[in-house]
Amino acid sequence: MSIGIIGSGAIGTAFATTLARAGIAATISNSRGPDSLKEQVRELGPTIKAGTREQAARADIVLVAVNWGKLPAALAGLPDWDGRIVVDANNPIEAPLFKPVDLKGRVSSEVFANLVPGARVVKAFNHLRAEILANDPKGKGGRRVLFYSGDDNAAKAEVAALIDRIGFASIDLGSLAVGGKLAQFPGGPLPNQNLIKID
Ligand SMILES: NC(=O)c1ccc[n+]([C@@H]2O[C@H](COP(=O)([O-])OP(=O)(O)OC[C@H]3O[C@@H](n4cnc5c(N)ncnc54)[C@H](OP(=O)(O)O)[C@@H]3O)[C@@H](O)[C@H]2O)c1
């Protein structure tokens, strides 16, 4: 099971940190190319490699964490998704102004899914601030909760297994239309709920 990451900013790096902690391999990419990531991957540790956007996109599971307005460019011209799993870690809001994007009533993951035709989209890794996501998820008698949602049960099962393997407690919120909306920032009730599931 290979893992790619498109976006090497706060969330892409936090996700890579959780993978590295569990000894899981991944290829991380950004808009500037692998050379710009040399120092960052050295700090992340030996399982995380720098790659091109195209190399990251060829993985079995591809997490996308890019500023909302830059998603079309970040996802343009990539190989066919061909049923591979794409994790939407994005929120429809832009720093530094944090002005919500007008989605015309649609759920952000459904808008996102249109940018990755043929992919099986799972919404996850978007409800916590990056610095919390990067922290060790185990402690206080349990594991930090990560939510996920999607319309393909097999894809969701693979993402849930990954979430559990990196030490979090996974909770299925249902379809993109239902779960995506619950976890969406802004608008949903779940963003920034830093919850621990007691084991
Ligand atoms: N920050 C948080 O705490 C947080 C929490 C939950 C969800 N989110 C969501 O996660 C997403 C990413 O946020 P962030 O805070 O990680 O942003 P960020 O720190 O600004 O990083 C964005 C990354 O996207 C990359 N990128 C931009 N255009 C690209 C392109 N054309 N091709 C490839 N990569 C491209 C940038 O590449 P370069 O480095 O080359 O510019 C950068 O690595 C956003 O949708 C945000 O709403 C963020």
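Fair warning: this is a prediction, and the values are worked out from it, not measured in the lab. (Residues numbered from 1 in each chain as written. Predicted model: local features only at pLDDT ≥ 70, side-chain atom pairs only at ≥ 80, totals over all residues. Heavy atoms only, no water.)

### Some words on the site of the ligand
To keep it simple, the criterion reads: What makes a residue near a molecule or strand is one non-hydrogen atom of that residue sitting within 4 Å of it. Here a polar contact means two N or O atoms within 3.5 Å. Within protein one must be a hydrogen donor candidate and the other an acceptor candidate, and residues neighboring in sequence count only if both atoms are side-chain atoms. All accessibility values rest on the Shrake-Rupley procedure with a 1.4 Å probe; residue burial counts only the protein chains present in the view. Strands are runs of DSSP state E lasting at least 2 residues, helices are runs of H or I lasting at least 4, and numbering of each runs from the N terminus. Side-chain classes are defined by residue name, with Ala, Val, Leu, Ile, Met, Phe, Trp, Tyr, Cys and Pro counting as nonpolar, Asp, Glu, Lys and Arg as charged, and the others, Gly among them, as polar.
In the vicinity of the ligand, 22 residues are found, and the nearest of them are Ser-8, Ile-11, Ser-31, Arg-32 and Ala-130. Contact distances for the ligand include 3.2 Å between an oxygen atom and a backbone N or O atom of Asn-91. Measuring from an oxygen atom of the ligand, one finds a backbone N or O atom of Ala-130 at 2.8 Å. In isolation the ligand offers 890 Å² of accessible surface; the protein chains occlude 77% of this area. Looking at the shell around the ligand, the elements with two or more residues in it are α1 (10-21) and α4 (71-74). Here the residues of the shell around the ligand are counted per class, giving 9 nonpolar, 9 polar and 4 charged.

### Side note on the environment of Leu-75
Inclusion rule: Summary of the burial criterion: residues with accessible area below 20% of their type's maximum are buried, those above 50% are exposed, and those between are partly exposed, where the area comes from a 1.4 Å probe applied to protein chains only. Only heavy atoms matter for contacts: two residues are in contact if any of them lie within 4.5 Å across the pair.
Along the chain, Leu-75 turns up in the loop between α4 and β5 (85-88). According to the relative accessible area criterion, Leu-75 is buried, its value standing at 6%. Setting aside anything within four residues of it in sequence, one finds Leu-75 in contact with Ile-6, Arg-53, Val-64, Trp-81, Phe-112, Leu-115 and Val-116.

### What about the nonpolar core?
This is how it is decided: Residues enter a nonpolar core if they are buried and are Ala, Val, Leu, Ile, Met, Phe, Trp, Tyr or Cys, with the set joined through side-chain atoms within 4.5 Å.
Of all hydrophobic cores here, the largest spans 37 residues; its most connected members are Leu-19, Ile-48 and Phe-125. For this core, the element with the most residues is α1, which contributes 6 residues. Those residues in contact with Leu-19 that sit more than four places away from it in its chain are Ile-3, Ile-5, Ile-24, Ala-26, Ile-48, Leu-162 and Ile-166.

### Quick notes on α1
The condition is simple: What a helix should span is 1.5 Å times the count of its residues minus one.
Under the 1.5 Å per step criterion, the end-to-end length of α1 is 16 Å for 12 residues, consistent within 8% with the ideal 16 Å. Phi turns positive, to about 75°, at Gly-23, one or two residues after α1.

### As for helix α8 (residues 176-183)
Note the cut-off: It is the directions from the helix axis to the C-beta atoms that the arc portrays.
When α8 is considered as a whole, its buried residues turn out to be Leu-176, Gly-179, Gly-180 and Ala-183. Along the axis of α8, the buried residues cluster in a sector spanning 100°; they form a single face. Looking at the packing, one finds that the buried side of α8 touches α5 (108-113), β8 (120-124) and β10 (142-150).

### Re unusual backbone geometry
Look at the link from Ala-95 to Pro-96: it is a cis peptide, with omega at 5°. The omega torsion of the bond from Phe-185 to Pro-186 falls at 0°, within 30 degrees of zero and hence cis. If you trace the backbone, Pro-186 turns up in the loop between α8 and β12 (196-198). Positive phi values are uncommon outside glycine, yet Phe-98 reaches one of about 55°. Take Phe-98: it is sitting in the loop between β6 (93-94) and β7 (99-100). In this structure Phe-98 comes out as partly exposed when scored by relative accessible area, which is 49%.

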